[in-house]
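Coordinate analysis (summary)
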Protein chains: 2
Amino acid sequence: MRWEELDQQPCSLARTLSVVGDRWTLLILRDCFLGVRRFETFERRLGITRHVLTDRLKKLVEHGVLYKSAYQERPRREEYRLTGKGLDLYTVILALVNWGDKHMADDRGAPVKHIHKACGHAMHPQMVCSECGEPITARDIRVEAGDGWQDRAPLVGSDRS
Amino acid sequence: MRWEELDQQPCSLARTLSVVGDRWTLLILRDCFLGVRRFETFERRLGITRHVLTDRLKKLVEHGVLYKSAYQERPRREEYRLTGKGLDLYTVILALVNWGDKHMADDRGAPVKHIHKACGHAMHPQMVCSECGEPITARDIRVEAGDGWQDRAPLVGSDRS
DNA sequence: TTAATGAGTTCCAAAAAAGAACCTACAAAA
DNA sequence: TTTTGTAGGTTCTTTTTTGGAACTCATTAA
C-alpha cells in the first residue's frame, strides 16, 4: 500500500496517521503546544531541514490542524497556530509523552513535568471510559464493526490462540 | 537533526517517536492489538512490503515492545506478541483513533466501535488528571522542567504573544 | 552601502520505501 | 519422486523522501 492511499482506509488510526504519522509532524506539534509559532523557531529548535518543515507546515494547514495568521505587514510575516482540531491532538501527545516517561526515561527521570493548573499537582494522564469513568487498559476493550465499516472482512484475523 | 539521534533528546515525545514514529509501526501495533501475530498476516492485512515489515518487527522486538515466541517446531515458526511495554501503547492508539473518529470520519461515522467490557457501553477514551480526576485539555496544563531536563535552555520559545 | 532577518525555494547527494523475484526448510499431494 | 504449498524471510532495482547547503526576496537597521 502506498502512503497516499492511507486516508481512504476505513480505519480512524490510518486516517489520523495520514496526517500526523510521519517522522516530524508530531514534534512540530509538540512545539506548537509549547508556544512556538514561527518558521525560524521551529527550524532552530527541531534541527529539521527547511524543505521538510515547509512541506509539513503546509500539510498541517491543508488538514486544518494549524492556520496561518499575519503578525506583521511590510514585510508580511505569518505565524502558525493551532486550530481547535489541532488542540484536540493534545491527548495524543500526552499519551505518547506518558509512555516515554514510563518506558524510555533514563535514570534522571522524566525531562518535563506537567502541572494541572486547576489542582496544582504534577500529573500524568489517565485514560478512562467515557461512559463509566473507570480506567482503561488494552484488556478492557472489545472491538465491533461500526457504521463506517460497511460490508468488509471481519475485523480480526485468526492468529489469536 | 538525523532521525537516529532522536532517542538521545531529553524529551519523552522524541524518545517515544524514535520507537513508533514512522509510517508503519503504529499500524503494525494496531493489528497486534486486534490479535494478529504472524508475519504473513501482517503483510496481507497491511499491504506493507516484506522488507519494511521485517525491519519494523525486528526493531519492535529490540525495543521490547514485541517478543517472538515459537508456536511450532520443525519447521520452526514464530509469532510476534505484545509485551507489557507494548500493551501500554494501547492508550496511544486509542487517543489517535479517537481523534480520527472525531475529525477524519466520513459521513458514515466511526468504522470501529470500542466496547468497554466492564460496563458494556460503546465508549470513547477520556483523558483525566491522575491527581484530581478532572478531564484534561491543552489549556489546563502548564509544563515545568523535570529532573531529566538538567541545565538546558528554557522549555519554551518566545513566539507566544 | 552593507548586513541582517524571516520565510521560504532550488539543487544535488544520500537514505528509505515500493515492488517484484528469489531462497530455505519442511510437509502434503499427485 | 516430482510438484505444490507455506511461513518467514532476503536480494535486487526503481522511485520517493530526506539531509544539507546555497540562493532569493522584501524590508529594516547600522
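Everything that follows concerns the structure shown earlier in this document.
Predicted model only: the values in this text are computed from it and were never measured.

Here we take up the interface of chain B and chain A. Facing 100 residues of chain B, the contacting portion of chain A comprises 100 residues. Together, the buried faces of chain B and chain A total about 9,600 Å²; carbon and sulfur atoms form 62% of this surface. Residues R15 of chain B and D106 of chain A are paired through a salt bridge, measuring 3.3 Å at the closest nitrogen-oxygen approach. When grouped by side-chain class, the residues that make up the side of chain B that touches chain A number 51 nonpolar, 24 polar and 25 charged. In this structure, strand β5 (residues 125-129) of chain A lies alongside strand β5 (residues 125-129) of chain B, joined through 5 bridges in antiparallel fashion. Opposite Q126 of chain A, over in β5 of chain B, you have V128 of chain B as the bridge partner.

Along the chain, the position of E4 of chain B falls in the segment before α1 (12-20). For E4 of chain B, a relative accessible area of 52% puts it in the exposed group.

Moving on, we come to the relation of the copies chain B and chain A. Between chain B and chain A, the superposition needs a rotation of 180° and an axial shift of 0.0 Å, giving an RMSD of 0.0 Å. Taken together, the turn and the small shift mark the pair as related by a two-fold rotation axis. Interface overlap between copies is the fraction of interface residues in one copy that are interface residues in the other; for chain B against chain A it reaches 100%, indicating a shared surface.

Turning our attention to the protein's contact with DNA strand D. By nearness alone, 23 residues border DNA strand D, and R56 of chain A together with R50, R77, E78 and Y80 of chain B come closest of all. Backbone sugar and phosphate groups make up 68% of those atoms of DNA strand D lying within 4 Å of the protein. Between DNA strand D and the protein, one listed contact pairs a phosphate oxygen with a side-chain N or O atom of R56 of chain A at 2.5 Å. Between F39 of chain B and DNA strand D, the recorded distance is 3.4 Å, taken from a backbone N or O atom to a phosphate oxygen. Broken down by secondary-structure element, the contributors of at least two residues to the surface near DNA strand D are α4 (50-62) of chain A together with α3 (39-46), α4 (50-62), β1 (66-72) and β2 (77-82) of chain B. Looking at the surface near DNA strand D residue by residue, the classes come out as 7 nonpolar, 3 polar and 13 charged.

Looking now at the sheet that holds strand β6 (residues 141-145) of chain A. Pairing between the strands of a sheet comes from backbone hydrogen bonds, and it takes one of two forms, parallel or antiparallel. Spatially, the 3 strands line up as an open sheet ordered β6(A)-β3(B)-β4(B), and their pairing is antiparallel. This sheet does not close on itself; its edge strands, each paired only once, are β6 of chain A together with β4 (122-123) of chain B. By the bridge criterion, 5 bridges tie β6 of chain A to strand β3 (residues 112-116) of chain B in an arrangement that is antiparallel. Opposite I141 of chain A, over in β3 of chain B, you have H116 of chain B as the bridge partner.

A full pass over the atoms with the stated rule returns 0 disulfides over all chains. In this structure C11 of chain A is a free cysteine whose sulfur lies 14 Å from that of C32 of chain B, the closest cysteine sulfur available. You can see C132 of chain A has no disulfide; the closest cysteine sulfur is in C129 of chain A, sitting 3.8 Å from it.

What counts, and at which threshold
Just so you know, the residues in each chain are numbered from 1, in the order the chain's sequence is written. Whichever chain is written first becomes A and whichever ligand is written first becomes 1, with later ones labelled in order. Given that this is a predicted model, residues contribute local features only at a pLDDT of at least 70 and side-chain atom pairs are listed and counted only at 80 or more, while totals for whole chains, interfaces and linings are drawn from all residues. Heavy atoms throughout the structure, all of them, feed into the side-chain values; hydrogens and water do not. The contact rule is simple, with two residues in contact once any of their heavy atoms fall within 4.5 Å. Buried surface area refers to the total accessible area, computed with a probe of radius 1.4 Å, that the two partners give up upon joining, counted for both partners together. By convention in these notes, a salt bridge is any Lys or Arg side-chain nitrogen within 4 Å of a carboxyl oxygen on Asp or Glu. In the scheme used here, Gly and all other residues not listed as nonpolar or charged are polar, with Ala, Val, Leu, Ile, Met, Phe, Trp, Tyr, Cys and Pro taken as nonpolar and Asp, Glu, Lys and Arg as charged. Between any two strands, pairing holds if DSSP finds at least two bridges. Each helix is a run of DSSP H or I of at least 4 residues and each strand a run of E of at least 2, with the numbering of both proceeding from the N terminus. In this scheme, a residue with accessible area under 20% of its type's maximum is buried, one over 50% is exposed, and one in between is partly exposed, where area comes from a 1.4 Å probe on protein chains only. Overlaid copies result from least-squares superposition on C-alpha atoms, with residues included only where pLDDT is at least 70 in both. Residues are classed as near a molecule or strand on a simple rule: at least one heavy atom within 4 Å of it. N or O atoms within 3.5 Å of each other form a polar contact, as long as, within protein, one can give a hydrogen and the other can take it, and as long as residues adjacent in sequence are counted only when both atoms are side-chain atoms. Note on terminology: disulfide denotes any pair of cysteine sulfur atoms within 2.5 Å.

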